[in-house]
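So the chains spell out like this:
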Amino acid sequence: MVLISYLVIFALSVTAYQSKLSSPIVEDKGRLLPVALKSITSGTTDQELQQLVKKAGKNDDKLSIAGMQHSQGGQTLYPDAVMIDMKPYNKILSFNPDQKTITVQSGATWDDIQTYINPYHLALKVTQSQNIFTVGGSLSVNVHGRDIRHHALIETVQSFRLLTAEGNILQVSRQENQELFTSVIGGYGLFGIILDVTLELTDDELYQYETKKIHYREYDSYFTKEVLANNQVKMHLARLSVAPESFLTDMYLTNYLLAPDQTVLKEYDSLKRDSIIALPKFFLGLARLSDAGKNIFWNVQRTYTLKTDGKFISRNNSMRSDSTFMDYDHPDKTETLQEYFVPVDEFANYIDDLRNMLEKEKDFNLLNITVRYVEKNEEAVMSYAKEDMFALVMLINQGTSKKAVNETEAVIQKMIDLTLAHQGSYYLPYYSYPSSSQLREAYPRTEEFFTLKHKYDPEERFMNLFYKEYQE
């Protein structure tokens, strides 16, 4: 009887395991969109990926494309789809240090590239502050970063190869298949699989921190006159207080100035890794819990940053910020991002209106606002930078229940309406809280984008929840 019971349990376990493999449940990073997929697969060669696409065509399967899966709005997910995990497709294909270019497969991370090019004293032009993301994923959302001289990622792309819904491989650049160049970058994986990309690089440099406290009303003028007009400032980052004692009034900033003595770069160019995790994790945890915790967190952040004034950092290291301390695991809560873009000359008035609105939302748990600069660039069809903009990246702690999600959605829609009223826009990779009308106001070429999707993928082979939400 014991043996029979064991065999029954074993058989049930095998069945459950096979079921999980055949219909895996996959969640986005924020754990708000669990989706049952048909399967998860990958390939390490062009031929393997082509066969996956052609097989999907024969079986009439939908395909979704995944990298590190940090996009929160379902851009890598679709019910009953075959998810293609691109992480194993991650080789460095060619590198020309003299011409400052590199060609990499789309599953490579920015860390992979930095590790490869750092010994040659070269660096990326544009990437996120964290380097954990895949190149293909970053292209699909057309990222930007701290560099105020190089802006949207599309500016640094020379060309890429695209695997289409028919299983064909196209060379795409500004000269060849130009229509695809401007729709695939920032196209959220809806046009095919980005196989590899050739990127422009720049010199690694030594920067010196310049830090400053500032009032929000002074910020746009200071930035225009003292930062943007100063060619020695290569990068810039600011934070806006969400602490009750100084809510949306106090700021501190960091300028990355070209160091006067570049010959000592070698003393600072060893690539750093996440190091001090426990302390920032502790203070961020306090901020999640109470207003007093937010005040403490803000004061600690500001004090620490101001003490870095005069210190040095390499360009590569400035593009690999710590991220591990932000990991968050709670049974009933999660953390989501929003990013809003407002014209530089609208900043102060926008902040006034935002403060007035958020002070009424007592249960909205806003943890951090980082401010960056993005120059106008409308090359991508779904461009977010319609003017020279400040980008406000917001970290939000919210519940995962249906009620909590609905409450968060209501607040975010109010913030987006306010942003649009100030001639702004918002970033697309996050949850589909925005309404369809808000999308089309923020992105006036939305219908053109969907028309191009139908043109290049009429069978809708490549699908995701973002497309389902706003097109269907």
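Residues numbered from 1 in each chain as written. Predicted model: local features only at pLDDT ≥ 70, side-chain atom pairs only at ≥ 80, totals over all residues. Heavy atoms only, no water.

Student: Is there a simple way to think about the overall build of the chain in this case?
Tutor: Helix and strand counts for the chain come out as 14 helices and 19 strands. Computed over C-alpha atoms, the radius of gyration of the chain comes to 23 Å, within 12% of the 23 Å expected from 2.2 N^0.38 for 472 residues, which places it in the range of a compact globule. By its C-alpha atoms, the chain is 70 × 55 × 50 Å across when sized along the principal axes. When contacts within the chain are restricted to residue pairs at least 6 apart in sequence, those whose partners lie at least 24 apart make up 72%. (Helix = DSSP H or I, 4+ residues; strand = E, 2+ residues; numbered from the N terminus. Rg over C-alpha atoms; globule rule 2.2 N^0.38 Å. Contact = heavy atoms within 4.5 Å.)

Student: Teacher, can you tell me more about the sheet that holds strand 4 (residues 63–66) here?
Tutor: One key point about sheets: their strands pair by backbone hydrogen bonds, in either a parallel or an antiparallel sense. Strand order in the open sheet formed by 3 strands is 3-5-4, with parallel pairing between adjacent strands. The sheet terminates laterally at strand 3 (39–42) and strand 4, the two strands that pair on one side only. Each strand of the sheet is rotated relative to its neighbour by a mean of 30°, with strand direction disregarded. Two elements, strand 3 and strand 5 (residues 82–85), share 4 bridges in a ladder whose sense is parallel. If you follow Ser 39 over to strand 5, its bridge partner there is Val 82. (Pairing = 2+ DSSP bridges. Axes fitted to C-alpha atoms, helices over the stretch in contact; angles between N-to-C directions.)

Student: Teacher, can you tell me more about the pattern of salt bridges here?
Tutor: Between side chains of opposite charge, pairing is possible as soon as their charged atoms come close. All chains considered together, the criterion is met by 21 salt bridges. Among the ionic pairs, Lys 455 bridges to Glu 179, the shortest N-O distance being 2.7 Å. Taken together, the residues Lys 455 in helix 13 (residues 446–456) and Glu 179 in helix 5 (residues 178–184) connect sequence positions 276 residues apart. Taking the relative accessible area as the measure of exposure, Glu 179 reaches 31% and is therefore partly exposed. Between Asp 352 and Arg 217 there is a salt bridge; the shortest N-O distance is 2.2 Å. One end of the pair, Asp 352, is in helix 10 (residues 347–358); the other, Arg 217, is in helix 6 (residues 216–228), and 135 residues separate them in sequence. Judged by its relative accessible area of 16%, Asp 352 is buried. Members of the salt-bridge network, linked through shared partners, are Asp 46, Arg 161 and Asp 196. (Salt bridge = Lys/Arg side-chain N within 4 Å of Asp/Glu carboxyl O. Buried < 20%, exposed > 50% of the residue type's maximum accessible area, 1.4 Å probe, protein only.)

Student: Quick question: what am I supposed to make of the side chain of Thr 182 here?
Tutor: Assignment of secondary structure puts Thr 182 in helix 5. Judged by relative accessible area, Thr 182 falls into the buried class, the value being 8%. Every residue in contact with Thr 182, bar those within four places of it in the chain, is listed here: Glu 379, Ala 380 and Val 381.

Student: Please explain the nonpolar core as it appears in this structure.
Tutor: Within soluble globular proteins, side chains that are nonpolar generally end up buried alongside one another. Phe 160, Tyr 219, Leu 358, Phe 390 and Leu 392 are the most contacted members of the largest nonpolar core, which has 115 residues in total. By residue number, the principal contributor to this core is helix 10, which donates 7 residues. Not counting chain neighbours up to four residues away, the residues in contact with Leu 392 comprise Leu 240, Gln 338, Glu 339, Tyr 340, Val 342, Phe 347, Tyr 350, Ile 351, Ile 369, Thr 370 and Val 371. By size, the runner-up hydrophobic cluster in this structure holds 14 residues, among which are Leu 63, Ile 65, Met 86 and Leu 163. (Core = buried A, V, L, I, M, F, W, Y, C linked by side-chain atoms within 4.5 Å.)

Student: What is the right way to look at the pairing of strand 5 in this model?
Tutor: Looking along a regular strand, one sees the side chains alternate between the two faces of the sheet. The alternating pattern of strand 5 places Val 82 and Ile 84 on one face and Met 83 and Asp 85 on the opposite face, and all of these are buried. With 4 bridges connecting them, strand 4 and strand 5 associate as parallel partners. Its bridge partner lying in strand 5, Leu 63 is registered against Val 82.

Student: How should the sheet that holds strand 14 (residues 250–258) be read in this particular structure?
Tutor: Taken in spatial order, the 8 strands make up an open sheet running 15-12-14-13-17-18-16-19, and their pairing is antiparallel. At either end of the open sheet lies a strand with only one pairing partner, and these are strand 15 (312–314) and strand 19 (425–426). Where strand 16 (residues 333–343) and strand 18 (residues 389–399) come together, 11 bridges link them in antiparallel fashion. The residue of strand 18 that forms the bridge with Tyr 340 is Leu 392. Its contacts with the sheet place helix 8 (residues 291–306) against strand 12 (206–215), strand 13 (233–240), strand 14 and strand 17 (365–374), and it is angled at close to 25° to strand 14.

Student: Just to check I follow, could you spell out helix 7 (residues 278–289) for this structure?
Tutor: Along an α-helix, a turn takes 3.6 residues, which lines up residues three or four apart on a common side. The end-to-end C-alpha separation of helix 7 is 17 Å, in line with the 16 Å expected for 12 residues at 1.5 Å each. Taken together, the buried positions of helix 7 are occupied by Phe 283, Leu 284, Gly 285, Ala 287 and Arg 288. (Expected span 1.5 Å × (residues − 1).)

Student: Please explain the packing of helix 10 against helix 11 (residues 402–421) as it appears in this structure.
Tutor: Helix-helix packing is characterised by the crossing angle of the two axes and by the distance between the axes. Viewed as axis vectors pointing N to C, helix 10 and helix 11 meet at an angle of 155°, and their least axial separation amounts to 10 Å. Relative to helix 11, the element helix 10 lies roughly antiparallel. For the pair helix 10 and helix 11, the crossing hand works out as right-handed. Contacts between helix 10 and helix 11 involve Tyr 350, Asp 353, Leu 354, Met 357 and Leu 358 from the former and Val 411, Lys 414, Met 415, Leu 418 and Thr 419 from the latter. Grouping the constituent residues of the contact of helix 10 with helix 11 by class yields 7 nonpolar, 1 polar and 2 charged. (Parallel < 35°, antiparallel > 145°, perpendicular 65-115°, else oblique. Left-handed = near helix turned anticlockwise from the far one by under 90°. Nonpolar A, V, L, I, M, F, W, Y, C, P; charged D, E, K, R; others polar.)

Student: Looking at this model, I keep getting lost on the layout of surface pockets. Mind explaining?
Tutor: Unoccupied space between atoms shows up once a probe the size of one water molecule is rolled over them. Size it by volume and the second largest pocket reaches roughly 680 Å³. Along its surface, the second largest pocket is lined by 25 residues, and Glu 361, Lys 362, Asp 363, Phe 364 and Asn 365 are the ones closest to its centre. Listing elements by their share of the lining of the second largest pocket, those giving two or more residues are helix 7, helix 8, strand 17, strand 18 and helix 11. (1 Å grid on protein atoms, 1.4 Å probe; cavity = no way out; pocket = protein on both sides within 12 Å on 5 of 7 lines; lining within 4 Å. Points joined across faces, edges and corners; volume = space filled by probe spheres on them.)

Student: Help me out: how do you make sense of the packing of aromatic side chains in this one?
Tutor: Within this structure, the stated rule accounts for 26 aromatic pairs. Between Tyr 268 and Phe 312, the ring centres sit 5.6 Å apart and the planes meet at 45°, which makes this aromatic pair tilted. One end of the pair, Tyr 268, is in the loop between strand 14 and helix 7; the other, Phe 312, is in strand 15, and 44 residues separate them in sequence. A relative accessible area of 30% means that Tyr 268 is categorised as partly exposed. Three or more aromatic residues joined by ring pairs make a cluster, and in this case those are Tyr 219, Phe 223, Phe 347, Tyr 373 and Phe 390. (Phe/Tyr/Trp six-rings, centres within 6.5 Å; stacked < 30°, edge-to-face > 60°.)

So yeah, pure geometry; function would need other evidence.
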